Each structure stands twice: as structure tokens, then as C-alpha cells.
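Here is how the chains run, residue by residue.
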Amino acid sequence: MKVNLIGKHEKDSRPCRDALALTLKDMMARDSSICYVDCDLMGCVNTKQLRQQWPERAIEAGIAEGNAAGVAAGLAATGKKVYLHSFGTFSSRRIYDQIYMSAAYADLPVHVLGSDAGVSAAFNGGTHMPLEDGAMYMSIPETVVFDVCDYAQMAFVTRAQADINAVTYTRFVRKDVIKIYDDDTEFAVGKGVVLHESDNDVATIITSGIMVDEALKAYEELQAEGINVRVIDMFTWKPLDEALVIKAAKETGAIVTAENHNVTCGLGSVVAGCLARNCPTVQEFVGVQDLFGQVGPQSFLMDEYGLRSANIVAAVKKAIARK
């Protein structure tokens, strides 16, 4: 794994959805077994170009997500490598049973993509705000679950899924993402990315998705106060990089998880389970505190739900005080 961290807190000029669309376009040109299924959202994720070029392999299922999941499973049963996209809410709650039974239980590798994860659903409001989608997919046996933070990571995950022989779920933000990594960064499925570490770290921040940039800001704020912390981007929630979590817990003695997801059932929960089984450690949870979504700009919602660097800083100080 080769990590080239940008860390300038600047938005990427490229929408994250293009990482999906352009990567799939390249993959479909090279591999005739790759298919794409969408639910009337090709215009929203710039995948109309796939349908224009390969109408037999880029399928518009319409606003019928359960049927789309069945189509995706059927294609996978014929040996196709299938990517299925919709809003995160529809890619999880709406099609959960079909994916569970027709894909996962049947051992068929359908790669589900849920866009506008968590509060990034913004003005689409609570009905379209997936704050539990990651938990739903982690509860299905043998799945792989990703929460990606930027263009480079989205492109990597899209490529990597083609070689994963299981149901996968990727939560991502369509546009306006902060550029965290250079495009030549190399990731590994199931391995966390250590963004900052030192020999005298007193806590570890484990995060993913849009919270990576907030964690990097928190790191800078804590450094300014003379508090050294480790920062890990755990973009694969399942399988969790348990070895890295345990190492961080043993070396720093305190863990703070930060996620754009409900804290009752997401990244913080799987990290807590790992620690409970292997290395009981003080932990604080930054994320949505068992609440429904609401309408508003993403910036307002991040403030409203405590998804800011200031919340991470406060959680780190609280965790250190509890050691």
C-alpha cells in the first residue's frame, strides 16, 4: 500500500460520481462480463455514457429498486460482474431482502453502490438520508462494506470490486468531496490507512468517508495544543482491519471513532466489538446519535449532528481523561 496524502482541505474539482462512471467505462471496455444496473439515476451519477455505449450491459431498471436487485442477481447468476446503483436509502432499506436472498444467500457477487451517504443527502431530507445502510450490509454474512472518502479511493474500490466474489456495498458522496489522496495512492481491501502516527500518540482517531477530512482537521487542532494523536482511515468497515485497531489500542490507549452514520450500528460499533473481544480500551463515538435525518445543506447537517472536527477534538480529550 502506497499512501500519498494531500491533506489541504480543498474540494476536488472532479465529482466523486465521475470516479465511478469513468472507472466503470474503462473496465467495461476491457471486460465484456461487467454489467451496470441503475434505478433512474444515471443522469445523477454520469453513467448515461455507459448505456449509450453498451445498452445491452448498462441496464435502466427505473424506479423499481427491488426488481433491479433481482435483475442484478440474475445477471450475476450467468457469470456477469454486476454493479447496481441507487440512493443509499434505496440501495439498502428498499432492496435489503432481495439482496440478502437473491444475491448473498445465493452466493452471487452483486456490487451495490449507495450514493449520497448519511448527511450528504442534504436537501433530499430524512427520507433519502441513509444513516444505517452500512449496518444493514454488515449484518449480511460474507459481505464487504466500504465507506469511501474521495475520488481516488472511489476509483480504487470500483476496480477492486470486480475481483471480490461476494456481495459488496459502497457508500459514497456524489460530488463536492474533499481531495484526501493523490490519484496514484495504492489501497488494499480490508486494510486501514494510517494517515498520521508517532511514538507518543495518546489516542487514535478511526474514521472514514466525509469524516476523514474532519479527522485531519482535528489532528491539526490537537497538534497545535501539543496533543499527539494517530489518524486511521478505515474505509473498509467489513472485513475490519482488526490487527490495526488492536495495535492502535495497545499503543495509544484510547480510541475515537468518527462516522457519517448512526453510532448505534456503524463503524464505531464494529471497532468496539473488536476491542471488547481482543483489547478492552476506552472509546468515544462521534457520529449521528440515534437520530433520523432532516432537510438542509450538508454544512448545516454536519453542525447539527456533531460531525465536525471540534466534536472529534472534544471526544479525544474526553477519551484521554478516561484512560
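Asker: Mind showing me how you'd approach the pairing of strand 11 (residues 254-262) here?
Answerer: For a regular strand, side chains alternate in direction, first toward one face of the sheet and then toward the other. With respect to burial, strand 11 is a largely interior element, nine of its nine residues being buried. The pairing of strand 8 (residues 203-207) with strand 11 spans four bridges and is classified as parallel. When the bridges of strand 11 are listed, Thr-207 appears paired with Ala-258. Read as a crossover between parallel neighbours, the route from strand 11 over helix 10 (residues 267-278) to strand 12 (residues 282-288) is right-handed.

Asker: Looking at this structure, I do not really get the packing of helix 8 (residues 211-224) against helix 12 (residues 309-322). What am I missing?
Answerer: For any two helices packed against each other, one specifies the inter-axial angle together with the distance between the axes. In the contact formed by helix 8 and helix 12, the axes pass within 8 Å of each other and the chain directions differ by 60 degrees. Between helix 8 and helix 12, the interaxial angle falls into the category oblique. The element helix 8 and its partner helix 12 pack so that their crossing is right-handed. Side by side, helix 8 and helix 12 meet where Met-211, Glu-214, Ala-215, Lys-217, Ala-218, Glu-221 and Leu-222 of the first sit next to Ser-309, Ala-310, Ile-312, Val-313, Val-316 and Lys-317 of the second.

Asker: Which parts of the structure should I look at to understand the environment of Ile-164?
Answerer: Along the chain, Ile-164 turns up in the loop between helix 7 (151-161) and strand 6 (168-172). Residue classification places Ile-164 among the buried residues on the basis of a relative accessible area of 15%. Note: C-alpha distance between Ile-164 and Ile-99 (65 residues apart in sequence) is 16 Å. Sequence-distant contacts of Ile-164, that is, excluding residues within four places in its chain, are made with Pro-109, His-111, Val-144, Phe-146 and Val-189.

Asker: Where do I start with the side chain of Arg-174 in this structure?
Answerer: Among the secondary structure elements, Arg-174 is positioned in the loop between strand 6 and strand 7 (193-196). Filtering out sequence-adjacent residues up to four positions away, Arg-174 remains in contact with Pro-15, Cys-16, Arg-17, Leu-41, Cys-44, Val-45, His-85, Phe-87, Ser-115 and Asp-116.

Asker: Is there a simple way to explain the pattern of salt bridges in this structure?
Answerer: Opposite charge on two side chains permits pairing when their charged atoms draw close. Within the structure shown, the criterion is met by 22 salt bridges. For Asp-133, the salt bridge goes to Arg-171, with nearest N and O atoms at 3.0 Å. Pair noted here: Asp-133 is in helix 6 (residues 133-138) and Arg-171 is in strand 6, with a separation of 38 residues, a long-range link. With relative accessibility at 0%, the residue Asp-133 sits in the buried group. Overall, the relative accessible area of 0% leaves Arg-171 in the buried class. Put simply, Asp-213 and Lys-217 hold a salt bridge, and the shortest N to O gap is 3.6 Å.

About the criteria used
Residues numbered from 1 in each chain as written. Predicted model: local features only at pLDDT ≥ 70, side-chain atom pairs only at ≥ 80, totals over all residues. Heavy atoms only, no water. Buried < 20%, exposed > 50% of the residue type's maximum accessible area, 1.4 Å probe, protein only. Helix = DSSP H or I, 4+ residues; strand = E, 2+ residues; numbered from the N terminus. Pairing = 2+ DSSP bridges. Right-handed = clockwise from strand over helix to strand, strands pointing away. Axes fitted to C-alpha atoms, helices over the stretch in contact; angles between N-to-C directions. Parallel < 35°, antiparallel > 145°, perpendicular 65-115°, else oblique. Left-handed = near helix turned anticlockwise from the far one by under 90°. Contact = heavy atoms within 4.5 Å. Salt bridge = Lys/Arg side-chain N within 4 Å of Asp/Glu carboxyl O.

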